[in-house]
Structure formats: C-alpha cells, structure tokens
Amino acid sequence: MSPLDHKLLRDLWRIKGQAGAIGAVIAVGVMMLVMMTGLTASLSETRDAYYERYRLAGVFAPVARAPEQLAERLTEIQGVSSVETRVQGRALIDLPGQVLPVQAQAVSLPDRGRPALNDVYLTDGRMPATGRPDEILLLQSFAAAHDLRPGDTLRATMDGARRSFDIVGLAQSPEFLYTTAPGELVPDDARFGVIWMVRSGLAAAYDMDAAFNEALLGLTRGASEASVLDAVDRLLEAYGGSGTYGLADQFSNRFVSEEILGLEAAAVGVPPIFLAVAAFLLYIVVGRMVQSEREEIGLMKAFGYTNAEVGTHYFKLILAIAAGGALAGCLGGIAAGRALIGVYTAYFKFPFLVFQLDPASFATGVTVSILSASAGGLFVLRRVFALTPAVAMRAPAPPNFSRTSRIGQSLNRFLDQPSRMVLRRLTRQPGRMAGSVIGIACGMALSVAMLTIYAGFDRTIDLTFSVVDRSDVTVSLTHPVADKTLFELMRMPGVERVEPVRNVSVVFRNGLKGHRGALIGLPQGRELNRALDASMTPIDLPERGVVLSDVLAGMLGVSPGDTLTVDVREGRQPLLQVPVAATAQTLLGSPAYMDLDALNHILREPGRISGAYLMIDDAEAEAIYTALQDMPTVAGVSLKSQAREAFVTLMNQGAGAIRYVMGAIAFVITFGIVYNAARIALAERARDLASLRVIGFSKGEAAFLLLGELAVVTAVALPVGALLGYYLSFGIAAGFSTDLYQIPATFDPVSYGQATLVVLVAALMSGSLVKRDLDRTDLIEGLKTRG
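A brief look at the structure comes next. Note that the structure is predicted; figures quoted are calculated from it, not measured. (Residues numbered from 1 in each chain as written. Predicted model: local features only at pLDDT ≥ 70, side-chain atom pairs only at ≥ 80, totals over all residues. Heavy atoms only, no water.)

## As for the overall build of the chain
Of regular secondary structure, the chain possesses 24 helices and 20 strands. Across the 787 residues that make up the chain, the buried fraction comes to 53%. Considering only intrachain contacts with a sequence separation of at least 6, the fraction spanning at least 24 residues in the chain is 81%. When the accessible surface of the chain is totalled, it reaches about 33,500 Å², and 57% of it is carbon and sulfur. (Helix = DSSP H or I, 4+ residues; strand = E, 2+ residues; numbered from the N terminus. Buried < 20%, exposed > 50% of the residue type's maximum accessible area, 1.4 Å probe, protein only. Contact = heavy atoms within 4.5 Å. Areas by Shrake-Rupley, 256 points an atom, 1.4 Å probe, with all protein chains shown as cover.)

Encoded structure:
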C-alpha cells in the first residue's frame, strides 16, 4: 500500500463522523432511488403479468340491455380479438350483527368453463357448479374483513329480491385491484364486496335472460383503441350504451397506474435533492481539508508527487465516502422496498407481489452518487493543482481580526470577550457563515415541507368530512327517480334534514383532452354537501353553467368563461355545450357541480334525483337503516363516519404511509447537515481553541466560542429555512396529490414550530457530540494543526 493510501485511511478515520453523516445523506438518496424503482418495477411487472394471465379486457362496454346475438357483431369489429358478454348489477349484502347492509357488485361467470376475459384467481374453495344459481364466489379481501369462508351462507338483495347463497370459493380478479363502493373513492374492504355467480342465475335475478348489460372486448396487437370505441358505441347506441371506455379509464386500473406513475416521478425527482446536498457538504469538508493541509500538500509536491497523484489522493477520499454511502443506500433500498411491498399488497389486491430489484437502479444510484460527489470535489481539487510547493508550505496569512465591522462595533460594549470573539469570526468570514446557514436552512426547509404535508393530510380529512360534507348518511338509488322520494325519506323518524343530489355519468371534453366522470346536481340553499372556493366560502351554483374542481379544470385545461363539451352517457345521451362558471376547491376526487334544476332541465328530465344526503338523530340510526334497507329503490347507504375512518386508514397504512418514510429521511438529512456544520467549525478552529486552552481558557469557555458560533448560524438559518420550506411544501404536496385526493400546502404555525424544534434538537445533539470531541482534544496535537 502506497504512503498516500495510508494517509487516506488515516484521514477517513479522522473525519469518520463527518464522512458518516455525508455518507448517510448519499445513502438516503440512493435508497430512495433503489426502493422506488424497485416498487415501480414490482407493481408494473406484477400488474402486467396479472392482467395477461387472467385476460383483463382492453375495452369495457356497459349497456342498459342488449340481446346476446349482438356479441357476434362485436367480434366482427376490426381490431377486436375476443368478446365476453356478461351480466352485472348492484347488490346489498346482509351481515349478522350489522343493521346497515353492505354494498356489493354482482358479476356473472359463464355457466360452463372459465371466462374468456376477466378471469378470476381462485384463492380458496372451488368454482360455482353448473346449474347451481345459489353458489357464489366472494371477493377474498371482503371475506377476510368479515371472517367469511367457503361453506358459509350469505344473504343478499339483488334487484329488490332477497336471496340466500352458499359461499363455495374466494377469489380475486385483475379488474378489482382497487375496490370502492359506488359513488365513493376511498377503498374499504369491509364496506364493499364482489359476488360472482353463474350467468343463468344472475340473469334471472336482473331479468337478463338471453341478454347482457356489459360487453368485454380484447384487442389485437396494434389495434386502434379509438376506432374500436367508436364502432362499439355506434353498435350499442340503440340498446342504451352508456359509453364504451378503454383499460386506461377502468376504475381500478386507473388508480393502480397512477400510483406507479407517482413512484416513477418520485424516483426521478427526489434522489437528486439528497445527492445535491451531499455534493455541497463534500465541497465544504474537502475544501476545509485542503486548506488545513496546505503544508502537507506542499511537502508531497516537493518530494516529487505530481498534481495528478495528489489530486487523485483527495479524489479517492471523495470516492470512498460516496461509494460507502451508495452501498449502504443500495442495501437500505432493498430492505425498505421489501418492507413497503406489504403495504401495496394490502392496498392493491394482488394475489402475489414480490419486491423485484431493478439492476439498472443500482448502477444508476452508484454512478449518480459518485458523479454528484465528484462534482462537489472537483471545484476543490482546482486549489490543489494551483498550489506550488513554495506557496503551499508557507502558512496562509491569518485573518485580520483587529477591527470589527460596524455591527460588531455597536455591539461590543454589550458583549464580553468570548462573545466578541464569536461575533468577529462571523462578521469577518461571511462566506463560511453563509455556507453553513444555507446548509442548515436546507435541512429546516425539508422538515418544514414534510411537517406541512402531515398537516395537509389532516386538513384534507377535516375539510372533506366536516366542511364540504356535513351530512351523516348518503343514500344512493338504483336509478334516477322522481323527487317525491325525498318526502318518504323526510317522513322517517329521526331524519332531521334531507337534500337531494343527482349524479350523471358523463365524459367531459375540451379539444383533445377528456375525462370520464360524473356531473353532480345540487339544490340551491344546500347545507349538507357544498361546493367551496379557495377561501372555503360556499359557491352559489349558477342557473347556467358548471362549476369544476380545480383538479378537473387543470386536467381539461379550462378556466371560467370557457365552454366545455359534456357527453352525457345515460338516458337520452345528449351532447351538451356548457359554460364553465367557476372553479371549486376540492380535496377528495375531481367533481363537477351544477344546479340540480338546471341539470334536470338540460337533460329534459325535470324533478329527478339519484340520491340524497341525510342528517339524522343518532338515537334513531338503527331504525332509519332498517327502513332504508326495505326501500326497493335504495341501492346503497354510506355512513360518513365509516368513509372518514377508511380514508384515515388509507392515509396511515396505505399509500399515504410513505410520507412517514419521507419524514424520517428529512430528519436524517437535517441532522447530517447540522452535524457537518458543527464538525467543520471544530476542524477549522482546532488550533485556535487549543491555543486558548493553553493560555488559560476553560473547556466550557472554549466550547462557548465554538457552540456560540453554531447557535448564531442556526438562529439565522431558521427563518431562511422556513421561507424555503414554504415554497418547497407546494412542490412536495403536488407530488403526493393524486386523482383520489389533493394535499393542500398551507401555512401551518404548528408545523413550523415543530420543524424549528427538529432543527434545534439536531443542533443540540450535534453540539453535544462536538463538545465531547473538543473536551478530548490533545492540546499538543491541536497546536500542530494548521488553520
């Protein structure tokens, strides 16, 4: 081993604390890259394999009622490889001990054989037998939530008739990876189920003998999806087709795909932040080393070492720290990915999901971390090449502390001697102070941003379920009915207030942009469910025009005053041109609102509703639920309390749980930055502090000079970091927001106070560690150190 390599090992051991902190920052960046790319690869490959193995349809065509003979004409459409017709409908499941029925979707299976499209994965039991309409498969996650097993009996209401079924098997399906009750966005295994049964039995229940109400189509390779959709819509138009859509718009697939895209975006955007911080820290640390080792560099050059050899020595130091951090990050990414994969297995109902390593992420992580670290070090190495032996072996001129700045002069009479020494160093070396302030401010900004996101999640829940939706119960009807149904609801004992709602399935279009969703009709003077503006003030729905959520307006690229095309997919299916009247602040979903009377007017269906919001007396709740269950037009009943609980679970244990990982990472980086600032200050002042100790300063007085500087730098960095964190929180909030929920980034004093506490705790911990090292300093060795 060469003498320079021996020196390299000594240097690494000497700065092991700083090297470890910088390596931790690099490790975090690489860990995020490996973890997120691995999760992305795992979800993508598992999804694609699951879809292919169980033949998920590429096109879905719901229809009111179409004759079975129409299936042959569907197969003749160019680009269609296979067709599967089926019957599906809404059902209510009665469970022992629960007054409120659970909503479910009933789906038919072929009387013989397996489905050509949208096959099921049998997890337990067997398939329903031919000719046994009383045998069913049950969605595995729903069965687990209610402790149901093959051999149990289940009672359900289908199209107004109650029936008893035997559970013969449990299943999963690629079209039900993300399951929610109709009209809701938050998944809850206990509140929504799927029932599969033979087609003859389900057709009898929904009066679909020799008919179907949904067609599934497989596409040939290279087929034009748009052409197929148009052809199917034309064919089914006469039979009440409600709008054919592709796999990209399928409810479950849309949320799975969006989660994958979010992980991909995070894998690209998050790691560079940590690697840039690491490069900045390396620049400071190695720059300090070069400055303090001027004499050693001059001696090495005097003894014949070339610029390249000396530069390579310091470059190896950079590479050792970067490579160590990258290796730790790779191992940490594997562990974190395997820990989080269980969250996604529960969140999305994959039958199998194994964390798959992406070899490219390892190569990318190691390469990028080394390159970013090298970028910080190259600026320092220029100083090495510029030093000639004669200049390097001569100690640099000491700073002139004989005079202080105007600020220092004005404060001198109020400060003792140690405090004046701290002030002189800060005012005479503003560049070094600025570097430390920026570093700590970055840590403060990360903490502020993540704690603001935590508060944003809580605000989303509070606003959605307390301010926007103030009802207790939401009633969904099987089809639009006359508004006289409201009088039946109001007559129920315990119902204090009833407000109607109408949800109309539509496709919004603006040029080439489109979105499949619902147009929500609300009455004037509503109190239970409201559209709010950015200031949380209720919006009065105009007599003409639609109010879009901010998210939907952004997706469609429209603003108030523009005209929007609304393709209604139910009833007469008119094509409407509706002006955009305003935009609303919504935090859950991407709704569009319209005055109920105006909506019914343009649909030429006056006095129609499809649901109602209820405010009830809790003491009469059970009686109300029983009465609702007996109403034949009621398709489902949702409790706001249960929806809120499901959303909180999603945020804490589902996809939203990754914010806790990000929060822990923000603290690690904050501590690493503050600790490095303290260590650098100690290294730069080791000789001065040793000299002060020799002339009589106590350990406490010497530590005051060092830690006083850290305290001032931290105090200055806090407001700077708070300002940076305010703007950073908007970017992170946008990254966490999805079509399902939007996270607001607002000024939250508690979050800023907590972030300040995080930085202060990191500063105290760093200061205690540095003071311990200062107290252990060998004074003789310290006096030999070049400043």
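## Observations concerning the environment of tyrosine 54
Examined against the element boundaries, tyrosine 54 turns out to sit in the loop between helix H2 (16-53) and strand S1 (59-67). Among the residues examined, tyrosine 54 registers a relative accessible area of 12% and is labelled buried. In this structure, the C-alpha to C-alpha distance between tyrosine 54 and valine 120, residues 66 residues apart in sequence, is 6.7 Å.

## What to know about empty space enclosed by the protein
Using the criterion set out here, one finds 5 cavities of 30 Å³ or more in the structure. The volume enclosed by the second largest cavity comes to roughly 60 Å³. Sorting the residues of the lining of the second largest cavity by element identifies strand S2 (80-86) and strand S4 (102-109) as the ones contributing at least two each. Across the lining of the second largest cavity, the residue classes break down as 6 nonpolar, 2 polar and 2 charged. (1 Å grid on protein atoms, 1.4 Å probe; cavity = no way out; pocket = protein on both sides within 12 Å on 5 of 7 lines; lining within 4 Å. Points joined across faces, edges and corners; volume = space filled by probe spheres on them. Nonpolar A, V, L, I, M, F, W, Y, C, P; charged D, E, K, R; others polar.)

## Some details on the packing of aromatic side chains
As enumerated under the stated definition, the model contains 10 aromatic pairs in all. Arranged with centres 5.5 Å apart and planes meeting at 10°, the rings of phenylalanine 60 and tyrosine 245 form a pair that is stacked. Residue phenylalanine 60 is located in strand S1, and its partner tyrosine 245 is located in strand S11 (residues 245-246); the two are separated by 185 residues in the primary sequence. Since its relative accessible area comes to 15%, tyrosine 245 is described here as buried. Summarising the aromatic geometry, the rings of tyrosine 726 and phenylalanine 730 are spaced 5.1 Å apart at their centres and angled 80° between planes, so their arrangement reads as edge-to-face. Remark: phenylalanine 730 and tyrosine 726 occur in helix H22 (residues 699-736); sequence separation between them is 4 residues, near one turn of the helix. Owing to a relative accessible area of 30%, tyrosine 726 belongs among the partly exposed residues under this scheme. What makes phenylalanine 730 partly exposed here is its relative accessible area of 36%. (Phe/Tyr/Trp six-rings, centres within 6.5 Å; stacked < 30°, edge-to-face > 60°.)

## Quick look at H2
For H2, spanning 38 residues, the distance from its first C-alpha to its last is 52 Å, which sits close to the expected 56 Å at 1.5 Å a residue. Burial analysis of H2 places 29 of its 38 residues in the buried class, which makes it a mostly covered element. Positive backbone phi, approximately 55°, marks arginine 55, located one or two places after H2. (Expected span 1.5 Å × (residues − 1).)

## Considerations on the sheet that holds S2
Across the sheet, which stays open at both edges, the 4 strands sit in the order S2-S10-S1-S11 with antiparallel pairing between neighbours. The open sheet has two edge strands with one neighbour each: S2 and S11. The sheet contact formed by S1 and strand S10 (residues 211-219) spans 6 bridges and is antiparallel. Considered in S10, the bridge of proline 62 is made with glutamate 214. Packing of helix H6 (residues 225-236) onto the sheet brings it into contact with S1, S2, S10 and S11, and relative to S1 it is tilted by some 10°. (Pairing = 2+ DSSP bridges. Axes fitted to C-alpha atoms, helices over the stretch in contact; angles between N-to-C directions.)

## With respect to H6
Across its 12 residues, H6 extends 16 Å between first and last C-alpha, which sits within 8% of the 16 Å expected from 1.5 Å per residue. Where H6 is concerned, the buried positions are Val228, Leu229, Ala231, Val232, Leu235 and Leu236. An end-on view of H6 places all buried positions within 165° of arc, on one side of the element. Elements that come into contact with the buried residues of H6 comprise S1, helix H3 (70-75), S2, S10 and S11. (Arc of directions from axis to C-beta.)

## Some words on the pairing of strand S14 (residues 513-522)
Here strand S13 (residues 495-510) pairs with S14 via 9 bridges, running antiparallel. Note that in S14 the partner of arginine 509 across the bridge is glycine 514. The loop that links S13 with its antiparallel partner S14 comprises 2 residues; one of these, glycine 511, has a positive phi angle of about 65°. Relative to strand S18 (residues 592-595), S14 is paired through 4 bridges, and the arrangement is parallel. From the neighbouring strand, glycine 521 faces S18, where its bridge partner is methionine 594.

## Some thoughts on the pattern of salt bridges
Under the defined criterion, the tally for this structure stands at 21 salt bridges. Note that arginine 55 is salt-bridged to aspartate 119, the shortest N-O span being 2.9 Å. One end of the pair, arginine 55, is in the loop between H2 and S1; the other, aspartate 119, is in the loop between S4 and strand S5 (121-125), and 64 residues separate them in sequence. According to the relative accessible area criterion, aspartate 119 is buried, its value standing at 5%. Each of the salt bridges in this network shares a partner with another, and the network as a whole consists of Arg126, Arg132, Asp134 and Glu135. (Salt bridge = Lys/Arg side-chain N within 4 Å of Asp/Glu carboxyl O.)

## Looking at the pairing of strand S19 (residues 608-616)
Looking along a regular strand, one sees side chains alternate from face to face of the sheet. Burial of S19 is extensive: 7 of the 9 residues sit out of reach of the surface. As paired strands, strand S12 (residues 473-482) and S19 are joined by 6 bridges and run antiparallel to one another. Paired with valine 481 across the strands is isoleucine 609, a residue of S19. Two elements, S13 and S19, share 6 bridges in a ladder whose sense is antiparallel. Within S19, the position partnered with proline 500 by the bridge is alanine 612.

Taken by themselves, the reported measurements are silent on function.
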